[in-house]
Every structure is written in structure tokens, then in C-alpha cells.
Amino acid sequence: MKYSGIGGQAVIEGIMMRNGDRYSTAVRKPDKTIAVMEDKYESLAAKIPLFRLPFLRGIFAFVDSLVLGMKTLAYSASFFEDDEDVKPSKFEEKLIAIFGDKLDKVIMGVTMFISILASVAIFMVLPMLLSNIIKARIDNYYVIAIFEGIIRIAIFIFYIKMISRMEDIKRTFMYHGAEHKCINCIEHGLDLNVENVMKSSKEHKRCGTSFIIIVMMISILFFMVIRVDSLWLRAVSRVVLVPAIAGVSYEFLRIAGKSDFWLVNLLSKPGLWMQGLTTKEPTPDMVEVAIAAVEKVFDWRKYLKENF
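Rules and cut-offs
- Throughout, a residue's number is its position along its own chain's written sequence, starting from 1.
- Only residues with pLDDT of 70 or above have their local features reported here, since the model is predicted, and side-chain atom pairs are shown and tallied only from 80 upward, although totals for entire chains, interfaces and linings are computed over all residues.
- The basis for the side-chain values is all heavy atoms of the structure; hydrogens and waters are excluded.
- Secondary structure elements follow DSSP: runs of H or I of four or more residues count as helices, runs of E of two or more count as strands, with numbering from the N terminus.
- Here the term buried applies to any residue with accessible area under 20% of the maximum for its type, exposed to any over 50%, and partly exposed to those in between, with areas from a 1.4 Å probe on protein chains only.
- Nitrogen and oxygen atoms within 3.5 Å of one another constitute a polar contact, given that in protein one can donate a hydrogen and the other can accept it, and given that sequence-neighbouring residues count only through two side-chain atoms.
- Residue contacts follow a heavy-atom distance rule, with two residues in contact if any of their heavy atoms lie within 4.5 Å.
- UniProt positions are given in the numbering used here, feature names are shortened, and annotations may be inferred rather than shown by experiment.
- As used here, the term nonpolar core means buried Ala, Val, Leu, Ile, Met, Phe, Trp, Tyr and Cys residues forming a set that is joined through side-chain atoms within 4.5 Å.

Q: Let's hear about the side chain of R152: which residues, and what values?
A: Position of R152 among the secondary structure elements: in helix α5 (residues 141–163). Taking relative accessible area as the criterion, R152 reaches 1% and is therefore assigned buried. A polar side-chain atom of R152 sits 3.2 Å from a polar atom in the side chain of S219. Apart from the residues within four sequence positions on either side, R152 is in contact with F123, M124, P127, M216, S219 and F223.

Q: Please set out the UniProt feature "transmembrane region" (unreviewed entry) in the protein residue by residue, giving values where relevant.
A: On the UniProt side, "transmembrane region" (unreviewed entry) is annotated at positions that read residues 106–129, 141–160, 207–226 and 232–253 here. Secondary structure within residues 106–129 divides into 100% helix and 0% strand; the distance between the first and last C-alpha atoms comes to 33 Å. Between the C-alpha atoms that bound residues 207–226 there is a distance of 28 Å. The span itself is 90% helix and 0% strand.

Q: Lay out the nonpolar core in plain terms, naming residues and giving numbers.
A: Ranked by internal contacts, the top residues of the largest apolar core, which has 26 residues, are M17, C182, I186, L192, V197, V294 and F298. At the level of elements, β1 (6–11), β2 (14–19), α6 (167–187), α12 (284–297) and α13 (300–307) are the ones that each hand at least two residues to this core. In terms of residue count, α12 provides more of this core than any other element does, 8 residues in total. Excluding residues within four positions of it along the chain, C182 makes contact with M17, L192, V197, A290, I291 and V294. Counting 14 residues, the second-largest nonpolar core is a separate cluster that includes V120, F211, I218 and F223.

Q: Now, about unusual backbone geometry: what can you tell me, with residues and values included?
A: Negative phi characterises most residues that are not glycine, and trans characterises most peptide bonds. A positive phi angle, near 55 degrees, is found at E13, a position not held by glycine. Relative to the elements of secondary structure, E13 occurs in the loop between β1 and β2. Although it is not a glycine, F55 adopts a positive phi angle of roughly 75 degrees. Turning to its location among the elements, F55 is positioned in the loop between α1 (44–47) and α2 (57–77). Since its relative accessible area comes to 47%, F55 is described here as partly exposed.

Below you can see the structure in the form of C-alpha cells.
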């Protein structure tokens, strides 16, 4: 496996692929044709050199992925919007009057803030509160920290299982599989075509799902070492330490994406197993969309010639 540097994300009926500061989004439109857009995204690290430092860069790379992810999701959703002739409500008219052309950015910012707040509350604070159930019987800080981590992972699995019942989410997970298959195809030295992509693996070590699982596993280690007895201080620590945990997790993911060392592969296994929930086998027409996104921003022929 040779590191290519490209990454991506599944969107509504499509794929976003990113290579450095360039990204493309390919979407299978309702008329079955493929729309592909290309643009540039200047990351926070590119603007501020301090943000490129190890352990800091992971925090801001996560923010970048959220911003770009929301932007490309909005683009893909635009092909499937209904009732375009419906007049906006009075509340919507007031928002338009206040924010004007910036309304979409404001909505995106508020949505991101609420999403991050909800994620921290559900996946960090709630498991800590639930772990107190065993405190009356087992007064061992390390055991409680491990139990908290198990609850955190269980909540995540339950969440993924529930949303995967939705048809739109199932298709998104299939496009997620197509994205991984394209990257694996290239990084294993194969020509990028539907046949080779379909034969490639749908699991990849640099996946966002792996990042989440790594965050959850590393959080166990953090909370075993950093001991706080007060309940409210423990809750605060779960929030305050999120950036540090994300920074460490990102550094491991960077190493995992470039290394085939046996220990790295072993530590990557939980994330790869969890991808069984968030990636599904795509159809050939989904792979066509993924290939269109890759070819817009990545010269895979040149890459294969230089590395294989």
C-alpha cells in the first residue's frame, strides 16, 4: 500500500474527494447523469502556520472536515430539493432580511455548533454520568473509566445501528464504501476503473469512523490518568479534554494511513471492524460517481507511474 494523500466523504447520492487544497463533489442527479464540481478550500493550517504543529493540527483538521463536509452536503442536497416555488415563511423572511446572502453560512455555523454540542453531550458527558451506576458497588477509578469507555462505544454502535435503518443513510453508507474502494484501488497500484474498484476493500485505515473509535479508545486512557473526584468537574473535564484527545487521535491516524507495521495494523483493527457498520458494498453506478470525483482532483495515472 502506498499513501496517496487523497481522502473523501460520502454525501447525498455522491462522493466528495479532496487532494490538498483541491476538492470535488460528484453527485448522481435524479436524471441519472453525474454532476461534478471542483473548487479550492484553504484550510486553517494553511492560513495559520501554528495550526500545523503536531497535536494541534488534528483539532483544526477536524474543524476543516466539518466545514467542508457541510458545504459539500449542501451542494449534493441542492439536486434533490422539492417545492422550490413554495414561499418562505415570515420567520424565514425575517432571517433573510437580517443576514441577506450570508444566511446559508449562518445556518451552517449554527448547525455545526449544535451538532458539536450534542455530540459532546451524548458521547462524552452522558457515558460519564451512566458510569456512576457501578460506583456504589465498585469504587475503583480505573474500572469506572473503562466502563465509561465501554458505554461510550455502545452508544455509538446503537446510534449507527438505528440510523442505518433509514434508506437514505443505507445509500450514503454504500457511497462511503465506494469512496474507500477507490482510494484502496489506487493505493494498491491498480488502474482506476469500475472492475478494479469493485474488487477492492471497502475498509480503510484513514476513515472518519476509525478516527471516532480511536478517540473513544484514547479517551479511556486519558480519563484513567486524569483523576477528578467531583462529578461536575469530571463533566467539565470530558468537554475540556476533547481537543487534546482529538489531537492525539489524529496523529495516530496519520501514522496508520502511511504505515503497514504490524503493531499499527493491530491497533487499527477496531476502527476497521467498526467500518463494517458505516460502509456497505456499493453498486457499479455508485463507483462511477466516486471515480468521477477522484479524477477531477487527482492524477492517478501519474501516481501509479511514480509509485508502482
